[in-house]
Amino acid sequence: MIRGAVLLAALVSMVWSPAARTIVVAHDGRIEAFDAAGEKRLWSVDGVASPSAGVASRDGKTIAILDGFNDRVAVVSVADGAAVTHETPGTPVAAAFFGRDVWVVVRDRSRAVRITPDGQQTEVALALDPALIAVSHRFVYVYSRISGLLQEIDPQSMRVTRTAAAGTAGSGFEVELPKPGDRHGAIGFLSRPAYGKLVVIDLEPMDVRERNGGAPADPGAAPSVTVDDARFAWDAKSGRPVKVKG
Amino acid sequence: MRVVRQARALCRYPARVPRDARDDRPGTRALVVAAVFLALAARAQTRIASDVEIRQMEEEARRAAGFDARVSARVNLGELRAERNESAAAQREFETALQLARDERNAARGDRDLARYAIACAWSGIALARLGRGAEAFAVLEEAVRDSGDTPGVWNLYSVAMFRLGKQEKAIGAARISVAAAERKTAAQATVRDLLELNMDRFALAQGLLDAGEDEGAQLLRTIAESLESGAFQPLRKALERREEFQIVTAPRTESGMYLALFNRSHMRLGQLYENEGLVEQARREYQAVVNRRSDEPAALAALARLASDAKERDRYLIESLDANPFAAGVVTDYEDHVASGDASPAAEDDSEGSRVRLAIQQIHRLEFRRARETLKPLLDAHPNNDVLQSLLERATLRSEDLPRPRFLDKPADLVTDPTESELLAVLSLFAGNAIAAEDRATLDRAKFSSEAAFDAADGGLFEQGTMRGVPFRFQQPARFRGVAPAARRLRIVYRILGATAADGRDALLIEPLRAEESR
């Protein structure tokens, strides 16, 4: 399962890279890496002023930290903390990696911006209020909240190829890739907690079905990451991630 | 409709605002958010709230039932304090609003009530933005829209907060979303309240677009103005005329309050727009529409003063504007320019704060600083934290550092002929502020000065006081000059400067006359 970026309430962003077994924390203008126990600081570099979200690449080698207030995204090597900061043409609210490119959703401009490793930016126009992003092996999917549309983008042609109505006010979107032997393709899951609904989208035919339930919402939960079934949250006092209950 | 200033017309918030009948979300009460208004970016002062009105609003805030009513009351109070240039008091109100919103957030989180939680987060964002805590405001507003992303009111608050923080593009982006959400809500069927909220969202978007130089903003304003004149609002307009309601607040909660605020601010903004484009008649029509509905709207009156072609008309509008809000910095500046032009009618000292401020400005212009300070004193006693009054007081205090150092202090001469106004004022300020250095004092003791002096009427043939280049002076003691007729008023005098004194309530140079002759 590939997760899109999750918006965080505090000025702290945490990302877990399973491949590198590293917890990356952006806080107070710094980006720092810790081991899986949260005890050993691996590196610490200058970051962004107001981190608002973060996401790891599929291979776990790179992370992107968004600064929604200041319209910036920092792309950081998990191995050594080498970071490059890019300005975005509006408020970056979510991001996902497609290969080595980072795709950033820019809400004010109703755009997705692809940033290549050499820093080139290419924009794709989207529906109003793009908010969530996830990728399959072939496509990038962006969900626009107020219009309730899920749009499929072909990264080769940089065009929106298909659009599906998925319902408004979604707050979480994930794409589950097919496992070997599965008869279905990639499946998208969109939670609409305000309506108590979970929307399941079979992405190959773009078939949308809705069922009751939706993701349980925990408003105001502190930023955290899950490492081997344990939840870690940032502890400003000790300056490291600490294991928390629940 | 002519409006009389009276406290009884304060907004009264309903204990419970109507539920959104078409909300289909399970397990939550309908989202009801009072949209918050953007204040106009420039020359936006509204009628000053009197102390009585402020106290009534504070009482309302204390009595208010429910979070929405209490937090919006505190934000309104904060904005009113800010309009009165009482920044410290405004900050306290916004801090109170923030605390209320935090408590509500915690309670809603405990109840797992997403709708309440979103509203509380949005109000936190407003309070944080007004406290200048931008990044925190952004974070909490993102929290607000995360799970309630199709609620127009939450996006409206988001837009207002970003506007306050100077994040123009974010403000426009959020406003576009709020308009889209409100249009969706009103597409099939709309109540009067729905339409008012849609227009408020449109106004926020128009404001942002106009500030960004986008023409689309003007069209939106015209759409709002047309909508307000439509049949949908006819019953509300009639009700407003019957009630003579006029209070305009930042976060209106009643339908009449929303209508009034919308009417006022959309016409004001259109007026500004036309004025900036040099379309004087169109601008005047918009400002006049505001004054017709509310005769004591200071920003509209000040605008009409700016557009007046006749000096008397300008004088009248400025007087009315300052009577409505004597602490509006922009209008005070306009009035200072008006006084400097020589067209201002004499201000009388009476009980109104507006007339006192006008009098103080005129006294400062005449360099009657001591009198100006006396005029300002009761105002400062009543409004000790008012920034505009503090600024006027500062200007009514002679300060030597504001003036260039007189050349004769650095290059002493036996006789200094015709010292300039600036030099005389600088010496006066050094003495009046007890800031004169011993060596400068010694230089002045040695120097003689020669100036043209205009004397007040001599008393029994004795000359005592007058002005030199407009700077007041007074003799150490009344003097008679040989060969000078008692009726003479303009003399060339040779004198020494002794210090500072007062002459008819004005700071004045204390001088010792050495000789005098009638000017030719």
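Residues numbered from 1 in each chain as written. Chains lettered and ligands numbered in written order. Predicted model: local features only at pLDDT ≥ 70, side-chain atom pairs only at ≥ 80, totals over all residues.

As a further point, take the overall build of chain A. Along chain A, the regular secondary structure elements total 0 helices and 24 strands. Along the three orthogonal principal directions, the C-alpha set of chain A runs to about 50 × 40 × 35 Å. By the burial criterion, 51% of the 246 residues in chain A qualify as buried. The long-range fraction of contacts in chain A, counting pairs at least 24 apart against all pairs at least 6 apart in sequence, stands at 41%. (Helix = DSSP H or I, 4+ residues; strand = E, 2+ residues; numbered from the N terminus. Buried ≥ 20, exposed ≤ 12 C-beta atoms within 10 Å, placed from the backbone. Contact = placed C-beta atoms within 7 Å.)

Here we take up the overall build of chain B. What chain B contains, in helices and strands, is 21 helices and 6 strands. Residues counted as buried form 51% of the 520 residues belonging to chain B.

A few words on the sheet that holds strand E16 (residues 149-154) of chain A. All names here are of chain A. The 4 strands lie next to each other as E14-E15-E16-E17, forming an open sheet whose pairing is antiparallel. Each edge of the open sheet is held by one strand with a lone partner, namely strand E14 (130-135) and strand E17 (159-165). Averaged over all pairs of adjacent strands, the angle between their axes in this sheet comes to 25°, without regard to strand direction. Examined bridge by bridge, strand E15 (residues 140-144) and E16 share 5 bridges and lie antiparallel to one another. Pairing of Ser-144 across the sheet is with Leu-149, part of E16. (Pairing = 2+ DSSP bridges. Axes fitted to C-alpha atoms, helices over the stretch in contact; angles between N-to-C directions.)

Residue and element names in this part refer to chain A. According to the domain assignment, chain A consists of domain 1 (1-125) and domain 2 (130-215). The distance between the C-alpha centroids of domain 1 and domain 2 comes to 22 Å. Each side of the interface is counted separately: domain 1 has 16 residues, and domain 2 has 17 residues. At the level of elements, strand E1 (2-3), strand E10 (92-98), strand E11 (101-106) and strand E13 (121-125) are the ones that each hand at least two residues to the side of domain 1 that touches domain 2. Taken together, the residues of the side of domain 1 that touches domain 2 sort by class into 11 nonpolar, 3 polar and 2 charged. (Domains from an automatic or database assignment. Nonpolar A, V, L, I, M, F, W, Y, C, P; charged D, E, K, R; others polar.)

Our next topic: the interface of chain B and chain A. Contacts between the two partners involve 29 residues from chain B and, on the opposite side, 28 residues from chain A. The set of elements that each furnish at least two residues to the side of chain B that touches chain A consists of helix H3 (87-111), helix H4 (114-130), helix H5 (134-147) and helix H7 (168-186) of chain B. Sorting elements by how many residues they give to the side of chain B that touches chain A places H5 of chain B first, with 10 residues. Looking at side-chain class alone, the side of chain B that touches chain A contains 11 nonpolar, 5 polar and 13 charged residues.

All names here are of chain B. One can describe the packing of H5 onto helix H6 (residues 152-164) by two numbers: an axis separation of 10 Å at closest approach and a directional angle of 165°. Classed by the angle they form, the pair H5 and H6 counts as roughly antiparallel. Considering only the axes of H5 and H6, their crossing is left-handed. Residue-level contacts link Ala-137, Leu-141, Ala-144 and Val-145 of H5 to Val-154, Trp-155, Tyr-158 and Ala-161 of H6. (Parallel < 35°, antiparallel > 145°, perpendicular 65-115°, else oblique. Left-handed = near helix turned anticlockwise from the far one by under 90°.)

When two helices pack together, their arrangement is given by the angle between their axes and by how far apart the axes lie. Residue and element names in this part refer to chain B. One way to put it is that helix H13 (residues 298-307) packs onto helix H15 (residues 329-340) with a least axis distance of 10 Å and a crossing angle of 30°. Classed by the angle they form, the pair H13 and H15 counts as roughly parallel. Crossing of H13 against H15: the hand is left-handed. Touching Pro-298, Ala-302, Ala-305 and Arg-306 of H13 are Gly-330, Val-331 and Asp-334, all from H15. Tallied by class, the residues present in the contact of H13 with H15 amount to 4 nonpolar, 1 polar and 2 charged.

What follows deals with helix H9 (residues 216-228) of chain B. Residue and element names in this part refer to chain B. In a regular helix each residue adds 1.5 Å, so 13 residues correspond to 18 Å; H9 covers 19 Å between its end C-alpha atoms and thus fits that length. Along H9, the positions that sit buried rather than exposed are Gly-217, Leu-220, Leu-221 and Ile-224. Here the buried residues of H9 occupy an arc of 100° about the axis, which is enough to place them on one side. Looking at H9, the residues exposed on the side facing more than 90 degrees away from the buried face are Glu-216, Gln-219 and Glu-226. Looking at the buried side of H9, the elements it contacts are helix H8 (192-211) and helix H11 (255-276). (Expected span 1.5 Å × (residues − 1). Arc of directions from axis to C-beta.)

Residues and elements named next belong to chain B. The assigned domain composition of chain B is domain 1 (7-224), domain 2 (311-397) and domain 3 (402-518). The interface of domain 1 with domain 2 comprises 10 residues on the first partner and 12 residues on the second. Split by residue class, the side of domain 1 that touches domain 2 holds 3 nonpolar, 3 polar and 4 charged.

Another aspect to go through is the nonpolar core. Residues Ala-95 and Ile-133 of chain A together with Ala-122 and Tyr-158 of chain B are the most contacted members of the largest nonpolar core, which totals 180 residues. For this core, the leading source of residues is H4 of chain B, giving 13 residues. Counting 26 residues, the second-largest nonpolar core is a separate cluster that includes Leu-428, Phe-449, Ala-453 and Ile-511 of chain B. (Core = buried A, V, L, I, M, F, W, Y, C linked by C-beta atoms within 7 Å.)

Right, let's get into the environment of Arg-265 of chain B. Note that Arg-265 of chain B resides in helix H11. When the 25 C-beta atoms within 10 Å are taken as the criterion, Arg-265 of chain B is described as buried.

Another point: the sheet that holds strand E2 (residues 12-17) of chain A. All names here are of chain A. Sheet architecture is open: 4 strands sit in the order E2-E3-E4-E5, paired in antiparallel fashion. With partners counted over all chains shown, the strands left at the sheet margins are E2 and strand E5 (41-46), one partner each. Strand after strand, the sheet turns through a mean of 15° between neighbouring axes, direction not considered. Bridge count for E2 against strand E3 (residues 22-27) is 6 bridges, and the pairing is antiparallel. Residue pairing across strands places Trp-16 opposite Ile-23, the latter belonging to E3.

This part is about the confidence of the model for chain A. Chain-level pLDDT for chain A is 91 on average; 93% of the residues reach the 70-or-more range. In the predicted structure, residues 1-9 of chain A sits below a pLDDT of 50 and forms 36 contacts with residues beyond four places in sequence or in another chain. (pLDDT = per-residue confidence, 0-100.)

Residue and element names in this part refer to chain A. Inspection of the sheet shows strand E12 (residues 111-115) paired to E13 by 5 bridges, in the antiparallel sense. Within the sheet, the bridge partner assigned to Val-113 lies in E13 and is Glu-123. Connecting E12 to the next strand, E13, in antiparallel fashion are 5 residues, including Gly-119 with a positive phi near 90°.

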